[in-house]
Amino acid sequence: FEYTICDATNAENCDTATITITVEPVDIPEDTFDTELKAFPTAYGGGTYTTGGRGGVVLHVTTTTDGTVNDVGTLRWALAQNYKRTIVFDVSGVFDFAGGQNEYPKAKGDVTIAGQTAPEGGVTLTGNFIMFSGQNNVIIRHIKFRNPQSINSRGWCLVLNSGASDVIIDNCSFSYSTQIAISVGANSDGKNCEDVTVQNSLFGECRDGIYAGNGSPSSLKNGSISIIRNAFSNVGWRVPSNVVGTNAPGKSFDLVNNIAHNFMYRTFRMSGQSGHLNLIGNYYQAGSSTSNSFKKVNVKDGQVYLQLLPLFVMDSNKNVDPKVYMFDNPIESVKSGYSPLDYVPSDRTTDPQTGTAPYSLTSDGTTSYPESVWFPFSTNTTPIDPNIFIEKQQIPLNNAPPVLRASDVASVILPDIGANKYLNADGSVGTYRDPLDTQYVDWIITGYSKTYSPSTMSLPSMPASSRPAGYDTDNDGMADIWEIGTFGDLSKTSNGDEDGDGYTNIEEFLNAIDK
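Here we summarise the structure given alongside this text. In this text, all values refer to a predicted model and were calculated from it rather than measured experimentally.

Another point: the nonpolar core. Counting residues in hydrophobic clusters, the biggest one holds 66 residues, and the most contacted among them are Phe89, Phe132, Phe145, Phe174 and Trp374. Take this core: its biggest share by element is four residues, from helix α2 (residues 75-80). The residues touching Phe89, leaving out its near neighbours within four places in the chain, are Val61, Leu75, Phe95, Ile113, Ala114, Gly115, Thr117, Ala118, Pro119, Val123 and Ile143. With 16 residues, the next largest nonpolar core counts Tyr176, Val409, Ile413 and Trp443 among its residues.

The structure is reproduced here in structure tokens:
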């Protein structure tokens, strides 16, 4: 542009100049969180963008009776199909896999298992575990896994191994595993475990909770693994365990806002590889099964710390460099009161989130250090290097929901924990929590402790019913009443996207539980 400047006392004394401004285009990175489509609106963590069966066919489960992989309408058949699919349920009740097949169901990936489509009572799986071997891209919602030990059972509930990636397990319930409720990760077969979430799920009366990630060999790289807002009620240990391995660049294992009630032994085991762990806002509620109560131990320089044997363990190794960021992870018990478990540097005097002081004091005025809760795994003799505990978070949480303070976790997550929602014909949402889940939540709220005992396992009475004739006459997975109310008629397909938001029409129906 051109401009002129004149002398204020002499109008003829002026000068003109031209200025040229060149604007170079700037390549602004795409905001992937806003532009990528979530698995469903309330999906978080590593598995946020799992697509499951999106764009595939709709398969109806029409019977609770087990069958072969060729028996159309059985859940075993629907799980075994090797193409993109969304599995919907026209029946509720108990699906028993301990019958004549004498074999656990072998499931294929590229699938959405929509337990919320079953009538009141939901989907309860028992008698054997479900196996996804070498399969990716799995969404599982509102399914109850109850696996009493039987002649056909190996004691698991759900297994995703040999390189399971792009997995999200949401609002499911697990109980009666005599080994591990969920095992998700890779074997030593060269396949990585990447982008996995377990969220909003309830575990009760299981020996072990979750085994996630790759522990060995160190050449395997984990992507983001997220254990978010789950509750473990009277679960022995591994909530979760053997996790992290070696993370891919910029990836971490996030253990955020979970509740562990009446655990027996170690709640968490971290492999000794060079992984990154974010341990934030978890609440540990000791009970009668918890192996040891706090006791004071003198350490160097006259400091005193609190010891619990053991809470967290690590495969210690001088040749690796894991990093652990801990914040707001208290333990509470009748004997010891409420105590923080974080690594607290001696010069920190205020809470880094609230700015309040003091932060580094426990209930009896002693200081909590990492040695008070972290121990080498039983087979290791190398001490844990205190330098692995970092005060500032190095890797951000991956697509996490708002992080809660540990003191608020129970009141926020317990009302909606586990498999508890079902869709009505008009798309409205019903709630049903079975007697087992009701009991597990009550135990956490009241602090009731019960010793883990496989001999006491049994299934309660629950509603079992079928959708009425005319519920979904065009078999597209969407209830006719909802479809007509939403689109005006039954002409729209399950894979259409009438509102242009990226979610298919059937996903709009399924996602009504997220509103």
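Still more to cover.
Turning our eyes to something else, we now look at the pairing of strand β9 (residues 130-133). Taken together, the two bridges between strand β6 (residues 106-107) and β9 define a ladder with parallel strand orientation. For Lys106, the partnering residue across the bridge sits in β9 and is Met131. Both β9 and strand β12 (residues 158-161) contribute to a ladder of four bridges, which runs parallel. If you follow Ile130 over to β12, its bridge partner there is Leu158.

Here we come to helix α5 (residues 480-487). Every buried residue of α5 is listed here: Asp480, Trp482, Glu483 and Phe487. Take α5 and look down its axis: the buried residues cluster within an arc of 160°, on one side only. Exposed residues on α5 whose side chains face more than 90 degrees from its buried face are Ile481 and Gly485. On its buried side, α5 packs onto α6 (505-510). Of the residues one or two after α5, Gly488 is the one with positive phi, at around 95°.

Glancing now at the side chain of Asn511. Among the structural elements, Asn511 can be located in the segment after α6. Exposure remark for Asn511: the relative accessible area of 7% places this residue in the buried category. If we skip the residues at most four places from it in the chain, Asn511 touches Phe40, Pro41, Arg141 and Tyr503.

With that settled, consider the pattern of salt bridges. Opposite charge on two side chains permits pairing when their charged atoms draw close. Applying the stated rule across the entire model yields ten salt bridges. When the shortest N-O distance is used, the salt bridge between Lys144 and Asp434 registers 3.6 Å. Here Lys144, found in strand β11 (residues 143-146), pairs with Asp434, found in the loop between β37 (429-431) and α4 (435-446); they are 290 residues apart in sequence, far enough to count as distant. Of the residues examined, Asp434 reaches a relative accessible area of 0% and is grouped as buried. Among the salt bridges present, the one from Asp328 reaches Arg405, with a minimum N-O distance of 2.9 Å. With Asp328 in the loop between β31 (323-327) and β32 (330-333) and Arg405 in the loop between β35 (389-390) and α3 (406-413), this pair connects stretches of sequence that are 77 residues apart. Overlapping salt bridges bring together Lys144, Arg146, Asp434 and Asp437 as one network.

Now for the sheet that holds strand β26 (residues 276-280). If you walk across this open sheet you meet the eleven strands as β3-β4-β7-β10-β13-β16-β20-β23-β26-β31-β35, and the pairing is parallel. Looking at strand neighbours, the two that pair on one side only are β3 (57-61) and β35, the edges of this open sheet. In this sheet, strand β4 (residues 85-89) lies alongside β3 in parallel orientation, the contact comprising five bridges. Note on β4: the bridge partner recorded for Leu59 is Ile87.

Covered by surrounding structure in β11 are Ile143 and Phe145 together with Lys144 and Arg146, the residues of both alternating faces. The pairing of β11 with strand β14 (residues 173-175) spans three bridges and is classified as parallel. Bridge pairing in β14 links Phe145 to Phe174.

One non-glycine residue, His142, lies in positive phi territory at about 55°. Summarising the element assignment, His142 is placed in the loop between β10 (138-141) and β11. Phi angles above zero are rare outside glycine, and Asn399 is one such case at about 50°. Examined against the element boundaries, Asn399 turns out to sit in the loop between β35 and α3. Assessed through its relative accessible area of 16%, Asn399 is described here as buried.

Strand order in the open sheet formed by five strands is β6-β9-β12-β15-β18, and the pairing between neighbours is parallel. Two strands lie at the open edges of the sheet, namely β6 and β18 (208-212), each paired on one side alone.

A full pass over the atoms with the stated rule returns twelve aromatic pairs. Consider the rings of Trp443 and Tyr448, whose centres lie 5.5 Å apart with planes at 40°: the pair is tilted. Between Trp482 and Phe487 the ring centres are 5.6 Å apart and the planes differ by 85°, which places this aromatic pair in the edge-to-face class. Of the two residues, Trp482 and Phe487, both sit in the buried class. Every member of this aromatic cluster is reached through a ring pair, and the members are Phe145, Phe174, Phe203 and Phe232. Geometry around Tyr44 places Lys38 over its ring, the cationic atom sitting 4.1 Å from the centre.

Moving on: the environment of Val235. Inspection of the secondary structure assignment puts Val235 in the loop between β21 (231-233) and β22 (246-247). C-alpha separation for the pair Val235 and Tyr265, spaced 30 residues apart in sequence, amounts to 9.6 Å. Excluding anything up to four places from it in sequence, Val235 contacts Phe203, Gly204, Glu205, Cys206, Arg207, Asp208, Gly209, His261, Asn262, Phe263 and Met264.

Thresholds, definitions, all that
Residues numbered from 1 in each chain as written. Predicted model: local features only at pLDDT ≥ 70, side-chain atom pairs only at ≥ 80, totals over all residues. Heavy atoms only, no water. Core = buried A, V, L, I, M, F, W, Y, C linked by side-chain atoms within 4.5 Å. Buried < 20%, exposed > 50% of the residue type's maximum accessible area, 1.4 Å probe, protein only. Helix = DSSP H or I, 4+ residues; strand = E, 2+ residues; numbered from the N terminus. Contact = heavy atoms within 4.5 Å. Pairing = 2+ DSSP bridges. Arc of directions from axis to C-beta. Salt bridge = Lys/Arg side-chain N within 4 Å of Asp/Glu carboxyl O. Phe/Tyr/Trp six-rings, centres within 6.5 Å; stacked < 30°, edge-to-face > 60°. Lys NZ or Arg CZ within 6 Å of the ring centre and 35° of its normal.

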